[in-house]
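Listed below are the residues making up each chain.
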Amino acid sequence: MEFFTNKQVGVKVTPIFENEAYESKLLEYTKEKELFSGKLNEVYANLPFDGEKEILLGFGKKEDLVEDKVREVFFKLAKSLISNKEYEVYVTLPRVDSVPTEKLVNAAVEGALHATYKFDKYKSDRKELPEITINISTEEKLDNLEEVINEARDIMSGVFFSRDLVNERAEYLYPETLANIASKELSALGVEVEVYDEKQCEELGLKGLLAVGRASDRKPRFIVMKYLNNPEDSEVIGLVGKGVTYDTGGYSIKQTANSMDIMHCDMGGAGTVIGTMKLVATRKLKTNVIAIVGACENMIAGGSYKPGDIISTLSGKTVEVLNTDAEGRITLADSVYYATEKLKVSKVIDLATLTGACLVALAEFYTGAVTNNQEFFNELSKAAKEAGERVWQMPADDSFRELNKSSVADVKNTGGRLGGTITAGLFIENFVANDVPWVHLDIAGTAYLSKAEKYLPKGATGVHVKTLYNLLNK
């Protein structure tokens, strides 16, 4: 999809607010026939083969317009262009009090690009989408219009990269290949990438990660990605992504249908973190960020870790394993401790497809969050709202922490069925060193959708690449 500025070429697209007056015979006709009135996401395409073409685009009520609704509207427009085989349009975006014009442009470009994503590399009859050109102008003059469009394109490129990683099947994406992709893609952009193999993980003391991954023929990799581009600022943000590239559940085996068959997506946190690092480096943000992924497969073999085992971790704390399908938090324990104690990051965010309980609580609409620092969470929440990515903070107090206590080890890896999203997050809290401000994001529902939702596709979403970009883009 191509975007150009201040050109009136192609089919005219007219934004319509349902509570505004317009001099338009086409609009009068559509209202009379009850075909179109300007409601949000309405699209009416008047495309005669030998006459003047125009597309009416419903923006809803002007006072209700927010960025995320603009994404939806332009997603609908792009889908309409594809279905009607119209490949060039021009649109003038209106001035809206509720949405700054820069953000309006950004959201419009992003929404249109969402309509172009597909993961079909393994289909023999796949067809390329035709090239669509959208010519954008604005009622309010923007001197940096092209730059705003380019930023939106870069953001979506990072999101799509994340989606491709998470959609890729475990036959092809496993710890070693994930590390290779991260190294290749990020090193070229100036990110320092260090990859530790199984022996080096042993030397580092990553006992939790190694315990989870020891049954697989494809051995773990520990991936550390450093982007330090603001020497004037001592703050370094740590990002930690769960990187279980395939999860059988271990001896606490998963059912196959709608569970184990999609467990290539269990590295959704890693996909977000790596996608964010690529975006941050592409945009050359003036920031300091270190990302970590402990990558492994949770498989079943004679050497598997077992329910009832007591395993150690990098921190020295011991874990009673009650459920081998609660493996992600064990890998995150090592990764978060490494970030906060060994690398001394100032703040840390971990992202993980961690619990089915989060799906029960928040469906596929909201990411669940647990934090030890309200101010830091508020920063992230603001960044998420701007991104159109919904986050819900869960309560977290000592009543929940008590559920994780073990009689034979320092902590157990499941607090039980009740409050599972919260106790899983608070398990990780045990491995946050030095009281570093920390936010845990459970993306079990939002990273990989069972069906399309608004402009997000079925399958991988690339959730929170945009949130983290907004947070880091100071």
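Data block above holds the structure.
Visitor: Looking at this structure, how should I read the packing of aromatic side chains?
Guide: Each aromatic ring pair is characterised by the separation of its centres together with the angle its planes make. Inspection of the entire model under this criterion finds nine aromatic pairs. Consider the rings of Phe119 and Tyr122, whose centres lie 6.2 Å apart with planes at 70°: the pair is edge-to-face. Under the relative-accessibility criterion, Phe119 is labelled partly exposed at 26%. Here Tyr122 falls in the partly exposed class, since its relative accessible area comes to 45%. A centroid spacing of 5.3 Å and a plane angle of 20° characterise the contact between Tyr122 and Tyr172, whose relative ring orientation is stacked. With Tyr122 in the loop between helix H3 (101-114) and strand S6 (133-138) and Tyr172 in the loop between helix H4 (145-167) and helix H5 (175-187), the pair connects residues that are 50 residues apart, well separated along the chain. Residue classification places Tyr172 among the partly exposed positions, given a relative accessible area of 41%.

Visitor: When you look at the sheet that holds strand S13 (residues 347-352) in this model, what are you seeing that I'm missing?
Guide: Two pairing modes exist for strands in a sheet, parallel and antiparallel, and in both the strands are linked by backbone hydrogen bonds. In spatial order, the strands read S7-S8-S10-S9-S13-S17-S14-S15; together these eight strands make up an open sheet with mixed pairing. Edge positions in the open sheet fall to strand S7 (192-196) and strand S15 (391-393), since each of these has one partner strand only. Each strand of the sheet is rotated relative to its neighbour by a mean of 20°, with strand direction disregarded. Helix-sheet contacts for helix H9 (residues 328-342) involve S7, strand S8 (221-228), strand S9 (237-247), strand S10 (288-298) and S13, and the interaxial angle to S9 is about 155°.

Visitor: What is the right way to look at unusual backbone geometry in this model?
Guide: Most peptide bonds adopt trans geometry, and most residues besides glycine take a negative phi value. If you check the backbone angles, Glu34 has positive phi at about 55° while not being a glycine. When you line up the elements, Glu34 lands in the loop between helix H1 (25-32) and strand S3 (43-46). Positive phi outside glycine occurs at Lys454, with the angle close to 55°. Considering the arrangement of structural elements, one finds Lys454 in the loop between strand S18 (448-449) and strand S19 (459-460). Residue classification places Lys454 among the partly exposed residues on the basis of a relative accessible area of 42%.

Visitor: What should I look at first to understand helix H8 (residues 268-283) in this one?
Guide: One turn of an α-helix holds 3.6 residues; hence residues three or four places apart share an orientation. The terminal C-alpha atoms of H8, which comprises 16 residues, lie 22 Å apart, in line with the 22 Å expected from a rise of 1.5 Å per residue. When you tally the buried positions in H8, you get 15 out of 16 residues, the bulk of the element. Once H8 finishes, Lys284 follows within two positions and takes phi at roughly 55°, a positive value.

Visitor: Is there a simple way to explain the nonpolar core in this structure?
Guide: The nonpolar side chains of a soluble globular protein tend to be buried, and buried together. The biggest cluster of nonpolar side chains holds 97 residues, and the ones touching the most others in it are Phe74, Leu178, Met225 and Ile349. For this core, the element with the highest residue contribution is H4, accounting for eleven residues. With near-sequence residues (within four places) excluded, Ile349 lies in contact with Gly238, Leu239, Val240, Phe376, Leu380, Val439, Leu441, Leu468 and Leu471.

Visitor: Please explain the environment of Lys454 as it appears in this structure.
Guide: Along the sequence, Lys454 and Arg71 sit 383 residues apart, while their C-alpha atoms lie 9.2 Å from each other. Those residues in contact with Lys454, other than ones at most four positions away along the chain, are Asp68, Glu72 and Phe75.

Visitor: So what exactly am I meant to see when it comes to the environment of Met1 here?
Guide: Structurally, Met1 can be placed in the segment before strand S1 (2-5). The buried category is assigned to Met1, whose relative accessible area is 15%. The spacing of Met1 and Ser234 is 233 residues in sequence and 40 Å in space, taken between C-alpha atoms. Setting aside residues no more than four positions away along its own chain, Met1 makes contact with Ala78, Ala112, Leu113, Thr116, Glu131, Ile132, Ile134 and Arg153.

Visitor: What is the right way to read the packing of H3 against H4 from this model?
Guide: Helix-helix packing is characterised by the crossing angle of the two axes and by the distance between the axes. Between H3 and H4, the shortest axis-to-axis distance is 9 Å and the interhelical angle comes to 40°. Looking at the two axes, H3 sits oblique to H4. Crossing angle aside, the handedness with which H3 passes H4 is right-handed. Each of Glu102, Val105, Asn106, Val109, Glu110, Leu113 and His114 in H3 lies in contact with H4, whose residues at this interface are Leu145, Val148, Ile149, Glu151, Ala152, Arg153, Ile155, Met156, Phe160 and Arg163. Along the lines of polarity and charge, the residues of the contact of H3 with H4 split into ten nonpolar, two polar and five charged.

Visitor: Looking at this structure, how should I read the side chain of Glu168?
Guide: By the element assignment, Glu168 lies in the loop between H4 and H5. Engagement of the side chain of Glu168 in a polar contact is seen with the side chain of Tyr122, the distance being 2.6 Å. Apart from the residues within four sequence positions on either side, Glu168 is in contact with Phe119, Lys121, Tyr122, Leu173 and His264.

Visitor: Explain the packing of H5 against H8 here, please?
Guide: At a closest axis distance of 10 Å, the pairing of H5 and H8 adopts a crossing angle of 15°. With respect to each other, H5 and H8 are oriented roughly parallel. The chirality of how H5 crosses H8 is right-handed. Contacts between H5 and H8 pair Leu178, Ala182, Glu185 and Leu186 from the former with Ala270, Ile274, Met277 and Lys278 from the latter. Tallied by class, residues from the contact of H5 with H8 come to six nonpolar, no polar and two charged.

Visitor: It is not clear to me how the sheet that holds strand S12 (residues 318-320) should be interpreted in this structure. Could you clarify?
Guide: Spatially, S11-S12-S16 is the arrangement adopted by the three strands of the open sheet, whose pairing is mixed. Edge positions in the sheet fall to strand S11 (310-312) and strand S16 (411-412), since each of these pairs with one other strand and no more.

About the thresholds
Residues numbered from 1 in each chain as written. Predicted model: local features only at pLDDT ≥ 70, side-chain atom pairs only at ≥ 80, totals over all residues. Heavy atoms only, no water. Phe/Tyr/Trp six-rings, centres within 6.5 Å; stacked < 30°, edge-to-face > 60°. Buried < 20%, exposed > 50% of the residue type's maximum accessible area, 1.4 Å probe, protein only. Helix = DSSP H or I, 4+ residues; strand = E, 2+ residues; numbered from the N terminus. Pairing = 2+ DSSP bridges. Axes fitted to C-alpha atoms, helices over the stretch in contact; angles between N-to-C directions. Contact = heavy atoms within 4.5 Å. Expected span 1.5 Å × (residues − 1). Core = buried A, V, L, I, M, F, W, Y, C linked by side-chain atoms within 4.5 Å. Parallel < 35°, antiparallel > 145°, perpendicular 65-115°, else oblique. Left-handed = near helix turned anticlockwise from the far one by under 90°. Nonpolar A, V, L, I, M, F, W, Y, C, P; charged D, E, K, R; others polar. Polar contact = N/O pair within 3.5 Å; in protein donor to acceptor, adjacent residues only side chain to side chain.

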